[in-house]
Amino acid sequence: MLKEITRSLIRSREYALINILGLAISISACLVLFYVIRFELSFDAFHKDRERIYRVVTFVERPEGVEHDEGAPEALSEAMKLNFPTHTVAAILSNPNSQIDIRDEKTNEETMYREDQGVFYTEPSFFQIFSFEWLHGTPQQALAEPNSVVLDQQTADKYFGDWHNAIGKSIEYRNTTMLKVTGIIKTVPANSDFPLKVILSRESREWGNSWTDVTSRLQCYIKLDEHTSEEEFEAQLPAWEKKHVRDESDYAAHYSLQPLSDLHFDTRYGNYGKRVSKESLMAMGIIGLLLIITASINFVNLAVAQVLKKTRDIGIRKVLGSRRWQLSVRFFSETFLVLLIASGVAFTMTEAMLPMLRPYVNLPAGYDPVTIEVPVFLLLLCLGLTFLSGSYPALVMSNFKAVHALKSKIVTQTAGGMSIRKGLVVVQFFIAQVLIIGTLIVIDQLEYFRTAPLGFNKESIMMVPVPTDSVSRTKVGALRNELSNLVEVTDVAFGFGAPQSSNNRRSDFRFDGAVNEAPFEVNMKYADPDYYKTFGLTLAAGRSHQLSDTVREYVVNETFLNKLGITDPEKGLGHTITINNVTLPIVGVVNDFHGLSLKLAIEPLVIMCDSREYRTVSLRIDPARPESAIENVRKIYASFFPESYFQFRFLEESITNQYRQEERLAGMTRIFTGLAIFISCLGLYGLISFMAVQKTKEIGIRKVLGANVADIVILFSKEFVVLVLIAFAAAAPVAWYLISDWLNGFANRVDIKTWTFAIAIGLSLAISITTIGFRSFRAAIANPVDSLRDD
């Protein structure tokens, strides 16, 4: 049978090539999505007893809703250890943008490194909770003493050439602390939510006992004992909070457990930049399923058209005694062989294209997705598609009457006939048009993120982190003067960060000396008076705050006043705000600007001056001379901070990076929409091929009676245009509903425009007419003598 099927495929090369190509493309796309979904679902799955591991998260109930925070107060972990001794508790504090200096013992030369992520303070119990592999040392020994540090293998190799050389050596942390390398852990897997590189012992810093100071950088984890469930533990928390927290503070925070299995997917909480929603994974799975359905429809239409060319062969087999099940088995076998070939082609295509696709689908370069699960997935996919794609053509073929088959007079309405096949084409173009409309709106929303006014000027802003130690703070004035004298620099400002930044501090406050705190938090930004000019911020009332070393007055935004019921900015001046028991006046109201991503609403904001909080110097540079500006700023920086690592970024780039997930989504939808359109065209080609076979004599008669090629092309085209229009009528409301739901996740969103739907239907019609025209033209130019010859 295998030899017979192979010969049949070789004889029908066009049919086999189109089928294999369409199936290979869809299987390749599904394989990529399988890699992505499997990778995302595997996060933190390697930890032992992971079902008993939880993060202790903070939530605050406010009138406008519940506020969630992945951070924990500094006092929490020690209080939990004291009151829940049967469970394992650990705190971990991240320190982004850390400088590490390594001195070569032979040459005495120092090499500076900047670790944007991966530097943490933690304690031995953290490694009792999580199953990271140790190459040297133990948690109890390596993290017990102050000024001790553990490196991961990759970082140790980077610092010392080989991790074995790192043991017992010293590194300098942030120009202030010498740390001894006491342990090495194996490089953390790519599917871990903890990017551990440099782990400092908890004893290396002082920890406070505040219950009100919550930062997302400090997190608390707990591993419940074998006899306690999540529900049982959480049932104890209200009483524990009342006893150990409420008596010390009126801070209205509560605590709950977040399972480790939710850490990577719960979008309410942050997670060191590694987070994806389960809805996104579900959307990927649905897209893969739609592509497979599209390819299956394509296969069905092409297979039925091919079957009609083999009617005599089928008739002879039936006369010679072949039963329906035997004909079905043969066709299913042929389908399975085609799918196996397509799977092999798909795997080869995927491996060749994966390096280019990794940035779009967020697969790390070091992650190898090919495991034993891949052939199992492909085999199951082939079996499922064999049944899905082969059932209807096998039914059509086995239902042929032998006498009709021998005379090539097949009844086209068998098992639903043409109506079913046309319906399948409608389904294909329904899927394609939903994807087209979705892609156009995703691109439109992304373009809005790129071009929408932010309320400040982001052009040509160079951001340079500055050291924060007390000695460095004394150099701020001189550094400002030197930078201002550069011809490439027009404005200089110091502050905590840019107007729009993911690094934010929030606080409760009291307004006008009220006894109770206001019903919302404020976002606090620290900046000098030049901050307004540098970023083009404008005032709605009052003045900017004055230069000072400590906070003396506040500038608020319009949203702050509006939430307090004050609509006139002038009437907001003179009121007082109390933060951390310090009461100061409002001297200015700044016009609203987007301090967070455009995905979020503008928050109430307080701007103040405090030189102790300067983390960044912001420079507006001449856009015509960026290279010269960077080099001159580098030289000045080195003269003021010779022991600090010079690093810079442009604000526009930082803002763009906030929309990486949407960029990836836009890139993926473009790719998959293109694939769906291509496969749909193959399916349309198949149905036209079927009709051309069925109407061979009709075409011949029309040509004899004077019909030209254009008439015949129009004959084929008009009813398929109707099919595309039917598909659009169904696709438009479905796409509108789905994309509206997606857009509702953004505080700032585009409107769904009519032209989006016009482009979708226009593109679909243009592509389908081109496909129909190509195939029907071939049928129209055939010699009518051949088609009218008596069988």
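Reading guide: rules and limits
- Residues numbered from 1 in each chain as written.
- Predicted model: local features only at pLDDT ≥ 70, side-chain atom pairs only at ≥ 80, totals over all residues.
- Heavy atoms only, no water.
- Helix = DSSP H or I, 4+ residues; strand = E, 2+ residues; numbered from the N terminus.
- Buried < 20%, exposed > 50% of the residue type's maximum accessible area, 1.4 Å probe, protein only.
- Contact = heavy atoms within 4.5 Å.
- Areas by Shrake-Rupley, 256 points an atom, 1.4 Å probe, with all protein chains shown as cover.
- Phe/Tyr/Trp six-rings, centres within 6.5 Å; stacked < 30°, edge-to-face > 60°.
- Lys NZ or Arg CZ within 6 Å of the ring centre and 35° of its normal.
- Axes fitted to C-alpha atoms, helices over the stretch in contact; angles between N-to-C directions.
- Parallel < 35°, antiparallel > 145°, perpendicular 65-115°, else oblique.
- Left-handed = near helix turned anticlockwise from the far one by under 90°.
- Salt bridge = Lys/Arg side-chain N within 4 Å of Asp/Glu carboxyl O.
- Core = buried A, V, L, I, M, F, W, Y, C linked by side-chain atoms within 4.5 Å.
- Pairing = 2+ DSSP bridges.

**Overview of the overall build of the chain**
Each helix and strand in the chain was counted, giving 25 helices and 27 strands. The proportion of buried residues among the 791 residues of the chain is 52%. Across the chain, contacts joining residues at least 24 apart in sequence account for 82% of those joining residues at least 6 apart. Only carbon and sulfur atoms are counted for the fraction: they give 56% of the accessible area of the chain, which is about 35900 Å².

**With respect to the packing of aromatic side chains**
Under the counting rule described, the total for this entry stands at 40 aromatic pairs. With 6.1 Å between their ring centres and 65° between their planes, Phe-46 and Phe-132 make a pair best called edge-to-face. Taken together, the positions of Phe-46 in the loop between α2 (13-41) and β1 (53-62) and Phe-132 in the loop between α4 (124-129) and β8 (134-136) put the pair 86 residues apart, joining distant regions of the chain. Residue Phe-46 is classed as partly exposed on the basis of its relative accessible area, which comes to 31%. Residue Phe-132 is classed as buried on the basis of its relative accessible area, which comes to 8%. Measuring from ring centre to ring centre gives 4.8 Å for Phe-126 and Phe-130, while their planes differ by 40°; the resulting arrangement is tilted. Take Phe-126 and Phe-130: they sit in the same class, and that class is buried. Taken together, the ring pairs in this structure connect Phe-46, Phe-126, Phe-127, Phe-130, Phe-132, Trp-134, Phe-194 and Tyr-221 into an aromatic cluster. When the ring centre of Trp-207 is taken as origin, the NZ or CZ atom of Arg-202, which lies over that ring, is 4.1 Å away. We note Lys-563 situated over the ring of Phe-520; from NZ or CZ to the ring centre the distance is 5.4 Å.

**A few points about the packing of helix α16 (residues 476-484) against helix α19 (residues 626-640)**
Two numbers describe how α16 lies on α19: the axes approach to 10 Å, and their chain directions differ by 160°. Of the possible angle classes, the one that applies to α16 and α19 is roughly antiparallel. Here the hand of the crossing between α16 and α19 comes out right-handed. Between α16, through Ala-478, Leu-479, Glu-482 and Leu-483, and α19, the contact on the second element is made entirely by Val-633, Ile-636 and Phe-640.

**Looking at the pattern of salt bridges**
A complete count under the given rule lists 27 salt bridges for this structure. Two residues, Arg-505 and Glu-613, come together in a salt bridge whose shortest N-O distance is 2.8 Å. Here Arg-505 is found in strand β18 (residues 505-507), whereas its partner Glu-613 is found in the loop between β25 (605-608) and β26 (616-621), with 108 residues between them in sequence. Of the residues examined, Glu-613 reaches a relative accessible area of 14% and is grouped as buried. Glu-662 is the partner of Lys-599 in a salt bridge, and the nearest nitrogen-oxygen pair spans 3.4 Å.

**A look at the nonpolar core**
Within the largest apolar cluster, 58 residues are counted, with the highest numbers of intra-cluster contacts made by Phe-456, Phe-535, Leu-537, Val-590, Phe-593, Ile-607 and Leu-651. Ignoring sequence-local partners within four residues, the contact set of Leu-537 consists of Gly-455, Phe-456, Tyr-531, Tyr-532, Val-590 and Phe-593. Residues Phe-43, Ile-287, Leu-363 and Leu-435 belong to the second largest nonpolar core, which totals 51 residues.

**What to know about the side chain of Ser-618**
Checked against the element boundaries, Ser-618 lands in strand β26. A residue is classified by how much of its surface remains accessible, and Ser-618, at 1% relative accessible area, is buried.

**Observations regarding the sheet that holds strand β17 (residues 489-495)**
Within the open sheet, the four strands sit side by side as β17-β26-β16-β27. Their pairing is antiparallel. A single partner strand is all that each edge strand has here, and the edge strands are β17 and β27 (649-650). Taken together, the five bridges between strand β16 (residues 461-465) and β26 define a ladder with antiparallel strand orientation. Looking across to β26, one finds that Met-463 is bridged to Ser-618. In the packing of α16 onto the sheet, contacts are made with β17 and β26, and the angle to β17 comes to roughly 160°.

Honestly, it's all geometry; don't read function into it.
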